[in-house]
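# Understanding the architecture of this molecule
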Amino acid sequence: MEFFEATATHVDDGPVPAPASPDAREHLVVIGNGMAGCRAVEELLARDGTRFRVTIFGAEPHVNYNRIMLSPVLAGERTFQEIVINDSGWYAQHGIELVAGDPVVAIDRVARTVTARSGRVTGYDKLLIATGSDPFIIPVPGHDLPGVISFRDMADVDAMLAAAAGGGEAVVIGGGLLGLEAAHGLTLRGMKVTVLHLMPTLMERQLDEAAGWLLKSALEARGQTILTGADTAAILGDGKVEGVQLKDGRVLPAKLVVMAVGIRPSVKLAREAGLAVGRGIQVDDHMVTSDADVLAVGECVEHDGQCYGLVAPLWDMCRSLADGLVGRTNPYRGSVTSTKLKVAGLDVFSAGDFSGGEGCEDIVLRDAARGVYKRVVLKDDRIIGAVLFGDTGDGGWYFDLLKKGERVAAIRDVLIYGQAFASGGGLADPKAAVAALSDDAEICGCNGVSKGQVVASIAGGACSLDAVRSGCKASASCGSCTGIVETLLALTLGEEGVQAGPKTMCKCTSYGHDEVRRAIVEQGMRAIPEVMQRLHWSTPDGCSSCRPALNYYLLCALPGEYVDDQQSRFVNERLHANIQKDGTYSVVPRMWGGVTTPTELRAIADVVEKYNAPMVKVTGGQRLDIFGIRKEDLPAVWADLNAAGMVSGHAYAKALRTVKTCVGSEWCRFGTQDSTGLGIKLERGFWGSWMPHKFKMAVSGCPRNCAEATIKDFGVVCVDSGYELHVGGNGGIHVRATDLLVKVTTEEEAMHTAAAFVQLYREEARYLERTAPWIERVGLGHVKARVVEDEAGRDALAARFWHSQSFSQDDPWAERVAGADAGLHQPLLAAAE
Amino acid sequence: MTDWIDIGTLADLPLRGSRTLTLAGDPVAVFRTHDDRVFALIDRCPHKGGPLSAGIVHGHAVACPLHNLRISLATGAVLGEDAGCTPVVPVRVAGERILLASPVRAAA
């Protein structure tokens, strides 16, 4: 222990002592590379980065990851990489040796060594046991069949994903948090899921009966079958799982059974080493076991008779442990836990005791329309419990009042309406509510970050949401506290001081385009309000940036099903014409491939005269633009043009504009192919398809390229031996010549490749991203891999495109001429003088 | 004293949308927001005169279709970093009916 005294002198001024050589330092060995073990090491390093040499043993072949984020990985909302807490760089930076995939199997407290499964023996000065917990497997017949898995680690997730790949039926035993998360993920992955729960209501330890029932109804509405009071008798199958039999005789077919009935502290190692073990490994207030050189932390410990299965107590335990290790006193006094979580996208919160009983009073608020249920339980003028379903925004506030034991008589009447209301009437500023939170109020439950820590992180230079997330980790996991973190940024720095995240879709959300889009597709969202609700939009109905984007993403994801939201479209797409600076509109009828007829020209001339259009102009896209049409006259103009066989040219739309052509082999002495004919085929095939941005095509009949195909989004250059297909050109502010995608030999192949390319662009580009920046972002190689090299993928893309087209080729002008949305064009009162 | 003109019902206005009318020679845009509130502004963006009635209505604001300035429906003021204001036309809802204040000419 002389070494402790030596390091204690580091505060002296004078020459900085050379770092101790590795051998001279005490050796801390950590058993368990999970959230508790690594957090304890982080806390220790924050206090003293040089005292210990650290070795961490992990049973799993991974770096330290966030176990509570396995559910989003299963659900496809996150990748494993995104839930890593400390990557290999962290271990290297701190000189930590990570022994992953080689679990410790024995502790010798006399020799002060641990032995790993591989036989490797490692000596320690201090040993930290952070083995977490083991899933409890109910010992029914068949519990050891292949296909019965728990939900505890990445390997379990991989096993579930493998099973879900072929669809089919799954049974989840256990209607607690883990079971419901597993059921949700498997449902999203395409399995038909039945949840068996022994108790009468779901999550009975966290939720009361009413909230449990709401949860059950909501999950059933999402396609799951929930059987409560269901007691498992046996798991059936010959060599693999085939079904589950209940005690009442019912048999449920299943190829996958997830056992999620509970967890138990993992104490086998400690017990075999002779440490004091009750339900968990018994520790004192600084997490020291019955052996002074052996510590334990996390779900594997028992402190003051309590075991914890939630993440929040870990943070307090790790602080006390680290303080103890560096000789400071900071006793852990146990944790009051709250549960704030998302189950299948539903917000659920509970804290404290809500079982009711003698002397307890309930305050309940139900809002059936919003699917909200709130219940606060009072005893002796203090909050002792709370259950929230559907709206958990005030959970932190109730929990804060509960922990502090504050008297609530003064606000009792308005307590249930939440903090904003209770602290200043219904119009109270939500910012004031955040400002009023105490410094130790927990902001981020996933990562155990208090308001004080978030503010300190901001004061320390984190000026954006991303910076806060990477700094103190607040809002870095489930994201439900993002709004509060943003408010803290604004409160601390002022609105101007906050740096917008580089990739946020708009100010209404903290997510970027790609994240929002992935969530829409993977979670099967079907409407703009649903997206805003489920992704925590900060505004009631979005803004002029996000609404058109969401409308497009839904339209693209659900062809033929999604009902276009007119009010989420820019005026040009709402009025099917181009607004001009004086508020009038210009009208461009389609001229297929730039070819017109005397009838069409006559009809256009008539319209110009009849409606006093001040100008008619040939466009750069080989058609005619009629200017100066009033909003009220648009339907009549379209009726006249329709009568001559013309339809909307979509010159106003994020869609195919024109297909510019040269005359090609039919007339030109240099022409190699029928470029005009192919242009018309392309335009007939592709018009009407909504895209992330406007889309221009061209077909040139020879490499002289009179149709300027090499500055189009999709350009064809005909050659003697076939068709060169070019992509990603742009003649705009930044001129970009196309990249050659592929050369094909027939018109059919050209059409097929075009369809696949357009569909890839539709599915992957961000809204308002032209093909040129999209290709520069994802790389031509990616586009080639998907459209050229992957034949099956190309066919699938093209098939999706043509399917989508089967719903999109109705002339919007004709619909308006027939009377649709007449109010858009007519004034409210003819004259209100 | 204000004269109120009956201009129609809430159902005549698209949700999150707008319709127009002419009042004493001025173009007026009448808006209906997501929470069924009704607002009315002179239909001219203070920036370049764009027809606000053609903009995307979000919250209690509208984005001008010409250059995407955001205008407060309640005050007519340009929101954010730009400046300017378009006149507000007083509007109230009486039962089903929407009533617009007829312009009171400046008394010299």
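Owing to the predicted nature of the structure, the values given are computational and were not obtained by experimental measurement.

A separate point is the overall build of chain A. Assigned secondary structure in chain A consists of 27 helices and 38 strands. With 833 residues in all, chain A has 46% of them scored as buried. Sequence separation of at least 24 residues holds for 61% of the intrachain contacts in chain A that already meet a minimum separation of 6.

We now examine the overall build of chain B. Each helix and strand counted, chain B has 0 helices and 9 strands in total. When the elements of chain B are put in sequence order from the N terminus, they spell out β-β-β-β-β-β-β-β-β. For chain B, the proportion of its 108 residues judged to be buried stands at 43%. Within chain B, counting contacts between residues at least 6 apart in sequence, those at least 24 apart form 42% of the total.

For the rest of this paragraph, the subject is the sheet that holds strand S8 (residues 121–123) of chain A. Residues and elements named next belong to chain A. The 3 strands are arranged S6-S7-S8 in an open sheet whose pairing can be described as antiparallel. Edge positions in the open sheet fall to strand S6 (104–108) and S8, since each of these has one partner strand only. In this sheet, neighbouring strand axes are inclined to one another by 25° on average, regardless of whether the strands run parallel or antiparallel. Pairing of strand S7 (residues 113–116) with S8 involves 3 bridges; the strand directions are antiparallel. From the neighbouring strand, valine 114 faces S8, where its bridge partner is threonine 122.

Moving on, we get to the packing of helix H2 (residues 35–47) of chain A against helix H9 (residues 312–325) of chain A. All names here are of chain A. Contact pair H2 / H9: the axes reach a minimum separation of 8 Å and the direction vectors enclose 45°. For the element pair H2 / H9, the angle class is oblique. Crossing handedness for the pair H2 and H9: right-handed. Contacts between H2 and H9 involve Met35, Ala36, Arg39, Ala40, Glu43, Leu44 and Arg47 from the first element and Leu314, Trp315, Cys318, Arg319, Leu321, Ala322 and Leu325 from the second. Split by residue class, the contact of H2 with H9 holds 10 nonpolar, no polar and 4 charged.

Residue-level contacts link 29 residues of chain B with 20 residues of chain A. Taken together, the elements giving at least two residues each to the side of chain B that touches chain A come down to strand S1 (4–9), strand S2 (17–23) and strand S5 (56–58) of chain B. A total of 6 residues in the side of chain B that touches chain A trace back to one element, the largest contributor, which is S2(B).

Residue and element names in this part refer to chain A. Checked against the element boundaries, glutamine 673 lands in the loop between strand S34 (656–661) and helix H22 (675–686). With 24 C-beta atoms packed within 10 Å, glutamine 673 lands in the buried category. Between the alpha carbons of glutamine 673 and valine 719 there is a distance of 7.1 Å; along the sequence they are 46 residues apart. Not counting chain neighbours up to four residues away, the residues in contact with glutamine 673 comprise Gly664, Ser665, Leu678, Gly701, Cys718 and Tyr723.

Let's shift gears to helix H16 (residues 513–522) of chain A. Residue and element names in this part refer to chain A. All of the buried residues in H16 are His513, Val516, Arg517, Ala519 and Ile520. On an axial view of H16, the arc spanned by its buried residues comes to 160°, and they lie on one face. Where H16 is buried, its residues meet helix H17 (528–534) and helix H18 (546–557). Just downstream of H16 lies glycine 524, where phi reads positive at about 60°.

This part is about the sheet that holds strand S8 (residues 91–94) of chain B. All names here are of chain B. The 3 strands are arranged S1-S9-S8 in an open sheet whose pairing can be described as antiparallel. Sheet topology places S1 and S8 at the edges, where each strand pairs with a single neighbour. Within this sheet the neighbouring strands show an average axis-to-axis angle of 30°, counted without direction.

In an α-helix, one turn spans 3.6 residues; hence positions three or four apart end up facing the same way. All names here are of chain A. Turning to helix H13 (residues 451–459), its buried residues are Lys451, Gln453, Val454, Ser457 and Ile458. In a view along the axis of H13, the buried residues occupy a sector of 165°, so they form one face of it. Check the buried side of H13 and you find it contacts strand S28 (442–444), strand S29 (449–450), helix H14 (465–471) and helix H15 (482–493).

A few words now on unusual backbone geometry. Although it is not a glycine, His650(A) sits at a positive phi angle of roughly 50°. For His650(A), the location among the structural elements is in the loop between helix H21 (634–643) and S34. In this structure, Arg16(B) is a non-glycine residue whose phi angle is positive, near 55°. Take Arg16(B): it is sitting in the loop between S1 and S2.

Residue and element names in this part refer to chain B. Two elements, S8 and strand S9 (residues 97–101), share 4 bridges in a ladder whose sense is antiparallel. Of the residues in S9, the one forming a bridge with alanine 94 is arginine 97. In this structure, the hairpin formed by S8 and S9 is closed by a connection of 2 residues, where glycine 95 is found at a positive phi of approximately 60°.

Moving on: the nonpolar core. All names here are of chain A. Leu128, Ile129, Val257, Val258, Ala296 and Val297 are the most contacted members of the largest nonpolar core, which has 138 residues in total. Mapping this core onto the domain boundaries places at least three of its residues in each of domain 1 (2–133 + 265–325) and domain 2 (148–261). Once residues within four sequence positions are removed from consideration, valine 297 is found in contact with Ala36, Ala40, Leu128, Ala130, Met287, Met317, Cys318 and Leu321. Of all hydrophobic cores here, the second largest spans 65 residues; its members include Ile528, Leu555, Leu678 and Ala755.

Per-residue pLDDT for chain A averages 88, and the proportion of residues at 70 or more is 94%. Below a pLDDT of 50 lies the segment residues 1–20 of chain A, which in the model reaches 7 contacts outside its immediate sequence neighbourhood of four places, other chains included.

Attention now goes to the packing of H16(A) against H18(A). Residues and elements named next belong to chain A. For the pair H16 and H18, interaxial distance at closest approach is 10 Å and the crossing angle is 40°. The orientation of H16 relative to H18 falls into the category oblique. The element H16 and its partner H18 pack so that their crossing is right-handed. Contacts between H16 and H18 pair His513, Arg517, Ile520 and Val521 from the former with Ala549, Tyr553, Leu554 and Ala557 from the latter. For the contact of H16 with H18, the per-class residue count stands at 6 nonpolar, 1 polar and 1 charged.

Here we take up the pairing of strand S24 (residues 346–352) of chain A. All names here are of chain A. Buried residues dominate S24, accounting for 6 of its 7 residues. Across 5 bridges, the pairing between S24 and strand S27 (residues 382–389) is antiparallel. By the bridge assignment, alanine 351 is partnered in S27 with alanine 386.

This part takes up the environment of Gly80(B). Among the structural elements, Gly80(B) can be located in the loop between strand S7 (70–72) and S8. Exposure remark for Gly80(B): the 8 C-beta atoms within 10 Å place this residue in the exposed category.

Per-residue confidence for chain B gives a mean pLDDT of 87; residues scoring 70 or more make up 93%. ipTM for the predicted complex: 0.88, alongside a pTM of 0.53.

Here we take up the environment of Lys712(A). Residue and element names in this part refer to chain A. Note that lysine 712 resides in the loop between strand S35 (695–700) and strand S36 (714–719). Separated by 59 residues in sequence, lysine 712 and threonine 771 place their C-alpha atoms 9.1 Å apart. Non-local contacts of lysine 712, meaning those with residues more than four positions away in its chain, are made with Lys696, Met697, Ala698, Gly729 and Thr738.

Parameters at a glance
- Residues numbered from 1 in each chain as written.
- Chains lettered and ligands numbered in written order.
- Predicted model: local features only at pLDDT ≥ 70, side-chain atom pairs only at ≥ 80, totals over all residues.
- Helix = DSSP H or I, 4+ residues; strand = E, 2+ residues; numbered from the N terminus.
- Buried ≥ 20, exposed ≤ 12 C-beta atoms within 10 Å, placed from the backbone.
- Contact = placed C-beta atoms within 7 Å.
- Pairing = 2+ DSSP bridges.
- Axes fitted to C-alpha atoms, helices over the stretch in contact; angles between N-to-C directions.
- Parallel < 35°, antiparallel > 145°, perpendicular 65-115°, else oblique.
- Left-handed = near helix turned anticlockwise from the far one by under 90°.
- Nonpolar A, V, L, I, M, F, W, Y, C, P; charged D, E, K, R; others polar.
- Arc of directions from axis to C-beta.
- Core = buried A, V, L, I, M, F, W, Y, C linked by C-beta atoms within 7 Å.
- Domains from an automatic or database assignment.
- pLDDT = per-residue confidence, 0-100.

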